[in-house]
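So you can see what is in the structure, the chains are spelled out below.
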Amino acid sequence: MGHFTEEDKATITSLWGKVNVEDAGGETLGRLLVVYPWTQRFFDSFGNLSSASAIMGNPKVKAHGKKVLTSLGGAIKHLDDLKGTFAQLSELHCDKLHVDPENFKLLGNVLVTVLAIHFGKEFTPEVQASWQKMVTAVASALSSRYH
Amino acid sequence: MSLTKTERTIIVSMWAKISTQADTIGTETLERLFLSHPQTKTYFPHFDLHPGSAQLRAHGSKVVAAVGDAVKSIDNIGGALSKLSELHAYILRVDPVNFKLLSHCLLVTLAARFPADFTAEAHAAWDKFLSVVSSVLTEKYR
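Calculation notes
Residues numbered from 1 in each chain as written. Chains lettered and ligands numbered in written order. Predicted model: local features only at pLDDT ≥ 70, side-chain atom pairs only at ≥ 80, totals over all residues. Heavy atoms only, no water. Helix = DSSP H or I, 4+ residues; strand = E, 2+ residues; numbered from the N terminus. Contact = heavy atoms within 4.5 Å. Phe/Tyr/Trp six-rings, centres within 6.5 Å; stacked < 30°, edge-to-face > 60°. Buried < 20%, exposed > 50% of the residue type's maximum accessible area, 1.4 Å probe, protein only. Axes fitted to C-alpha atoms, helices over the stretch in contact; angles between N-to-C directions. Parallel < 35°, antiparallel > 145°, perpendicular 65-115°, else oblique. Left-handed = near helix turned anticlockwise from the far one by under 90°. Nonpolar A, V, L, I, M, F, W, Y, C, P; charged D, E, K, R; others polar. Patch = residues over 30% accessible without salt bridge, like charges linked within 9 Å, V, L, I, M, F, W, Y side chains within 5 Å. Areas by Shrake-Rupley, 256 points an atom, 1.4 Å probe, with all protein chains shown as cover. Salt bridge = Lys/Arg side-chain N within 4 Å of Asp/Glu carboxyl O. Buried area = accessible area lost by both parts, 1.4 Å probe. Polar contact = N/O pair within 3.5 Å; in protein donor to acceptor, adjacent residues only side chain to side chain. Core = buried A, V, L, I, M, F, W, Y, C linked by side-chain atoms within 4.5 Å. UniProt positions renumbered as here; feature names shortened; annotations may be inferred.

1. Things to note about the environment of Ala112(B)
Part 1: Looking at the secondary structure, you find Ala112(B) in helix α6 (residues 97–113).
Part 2: Note: C-alpha distance between Ala112(B) and Gly60(B) (52 residues apart in sequence) is 17 Å.
Part 3: The contact partners of Ala112(B), leaving out residues within four places of it in the chain, are Ala116(A), Gly120(A), Lys121(A) and Arg32(B).

What follows is the structure in structure tokens.
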């Protein structure tokens, strides 16, 4: 799994401090469902997902997006033990939610894109590299308990 | 997978804006690629890959120009990129997984530079378009 330098940790932490988790969560999950429509398979109970605007405005999408990013944000304080941090969630995603880990990669890259939109120039190639490490490590941790 | 009319319109209209920054976009895309996915550097042992290098700039321009060609012939991407497709299949032989990585870094570059234009719909259109381009470039691999 990824090794985070002190610089990576500082970069990730400081950027995250400026993120509105509610807004970013809705954007990220919404865009996942718009850009990769097959991911809608997990959200039959979410109501209207019939168009990009329906998805982006859907209150259940926003709420769930916030949940997901809050969880991700919580892990930032434990970058050296993401496997431990996400052990239970990993089991949940495997045993109860039946989510193909490929989806974690898709969500991670959508999050990176949302951060780029929000931070623009500040989201330099160096900052992106730290975040790619982050989302890769989270995806790996979330799939570590799959069986 | 083929692009809808709406998707083509989005791509073409955004390209008009994008093309004014084509060269720097190309350079930035490659910088992002090499930093975020260092294994991609294995295809460039003969390059000076330091940020600002002339080779990086030249290659970035090439890549973005090719994307531009695909945009200009968006109704026939296969035809427009046929030679490039052969180049990748017989000479370059870049493993197909890398097209996703490059596409992602180009998307991130566009998102950072054109945040207002990069709506969810535009994001979807671009991701799909680059996926089509990637398919064309790997279609002669075997």
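2. Here's the deal with the packing of aromatic side chains
Residues and elements named next belong to chain A.
Part 1: What the rule picks out here adds up to nine aromatic pairs over all chains.
Part 2: Considering the side-chain rings of Phe43 and Phe46, the 4.8 Å spacing of their centres and the 40 degrees angle between planes classify their relative orientation as tilted. For the pair Phe43 and Phe46, one class covers both residues: buried.
Part 3: Taken together through their ring pairs, the aromatic side chains of Phe42, Phe43 and Phe46 make up a single cluster.

3. Let's talk about the packing of helix α2 (residues 21–35) of chain A against helix α7 (residues 102–119) of chain A
Residues and elements named next belong to chain A.
Part 1: For the pair α2 and α7, interaxial distance at closest approach is 9 Å and the crossing angle is 130 degrees. Compared by their axis directions, α2 and α7 come out oblique. You can see that α2 and α7 cross each other, and the crossing is right-handed. Seen from α2, the contacting residues are Ala24, Glu27, Thr28, Arg31 and Leu32; seen from α7, they are Leu106, Leu107, Val110, Leu111, Val114 and Ile117.
Part 2: A per-class count over the contact of α2 with α7 returns eight nonpolar, one polar and two charged.

4. A look at a nonpolar patch on the surface
Part 1: Residues Leu87(B), Tyr90(B), Ile91(B) and Leu92(B) make up a contiguous nonpolar surface patch of about 390 Å² in total accessible area.
Part 2: Looking at the secondary structure, you find Ile91(B) in helix α5 (residues 82–92).

5. Let's talk about the interface of chain A and chain B
Part 1: If you look at the interface, chain A gives 21 residues, while chain B gives 18 residues.
Part 2: Summed over both partners, the interface of chain A with chain B comes to about 1,600 Å²; 63% of that surface belongs to carbon and sulfur atoms.
Part 3: For the pair chain A and chain B, the number of links is zero salt bridges.
Part 4: Counting every contact that joins chain A to chain B gives nine residue pairs in polar contact (both at pLDDT 80 or more).
Part 5: Among the elements of the structure, α2, α3 (52–57), α7 and α8 (125–143) of chain A are those that each provide at least two residues to the side of chain A that touches chain B.
Part 6: Considering every element that reaches the side of chain A that touches chain B, the biggest residue donor is α7(A), with six residues.
Part 7: Each residue belonging to the side of chain A that touches chain B can be placed in one class, and the counts come to 12 nonpolar, six polar and three charged.

6. Notes on the nonpolar core
Part 1: Leu82(A), Phe123(A), Trp131(A), Met134(A), Ile77(B), Trp126(B) and Phe129(B) are the most contacted members of the largest nonpolar core, which totals 65 residues.
Part 2: The contact partners of Trp131(A), leaving out residues within four places of it in the chain, are Thr11(A), Ile12(A), Leu15(A), Trp16(A), Leu72(A), Ile76(A), Leu111(A), Val112(A), Leu115(A) and Phe123(A).
Part 3: Core analysis: the next-biggest nonpolar cluster, separate from the first, contains 18 residues, Leu33(A), Phe46(A), Leu107(A) and Val110(A) among them.

7. Considering the pattern of salt bridges
Residue and element names in this part refer to chain B.
Part 1: If you walk through the whole model with that rule in mind, you get 14 salt bridges over all chains.
Part 2: Between Lys128 and Glu7 there is a salt bridge, with the nearest N and O atoms lying 2.9 Å from each other. On the criterion of sequence distance, the pair formed by Lys128 in helix α7 (residues 120–138) and Glu7 in helix α1 (residues 5–18) is long-range, its members being 121 residues apart.
Part 3: Between Arg8 and Asp75 there is a salt bridge whose closest N-O contact spans 2.3 Å. With Arg8 in helix α1 and Asp75 in the loop between α3 (54–72) and α4 (77–80), this residue pair connects regions lying 67 residues apart in the sequence.
Part 4: Overall, Arg8 belongs to the partly exposed group, its relative accessible area being 22%.
Part 5: The class of Asp75 is exposed, set by a relative accessible area of 64%.

8. Details of the UniProt feature "domain: Globin" (unreviewed entry) in chain B
Part 1: According to UniProt, the "domain: Globin" (unreviewed entry) feature falls on residues 2–142 of chain B.
Part 2: The span residues 2–142 of chain B is 70% helical and 0% strand by assignment, and the distance between its end C-alpha atoms comes to 22 Å.

9. Some remarks on unusual backbone geometry
Residue and element names in this part refer to chain A.
Part 1: In this structure, His98 takes a positive phi of about 55 degrees despite not being glycine.
Part 2: Structurally, the position occupied by His98 is in the loop between α6 (87–96) and α7.
Part 3: When its relative accessible area of 54% is taken as the criterion, His98 is described as exposed.

10. Focus on the UniProt feature "domain: Globin" (unreviewed entry) in chain A
Part 1: Mapped onto this numbering, the UniProt entry gives "domain: Globin" (unreviewed entry) at residues 3–147 of chain A.
Part 2: Helix makes up 70% of residues 3–147 of chain A and strand 0%. Its end C-alpha atoms lie 25 Å apart.

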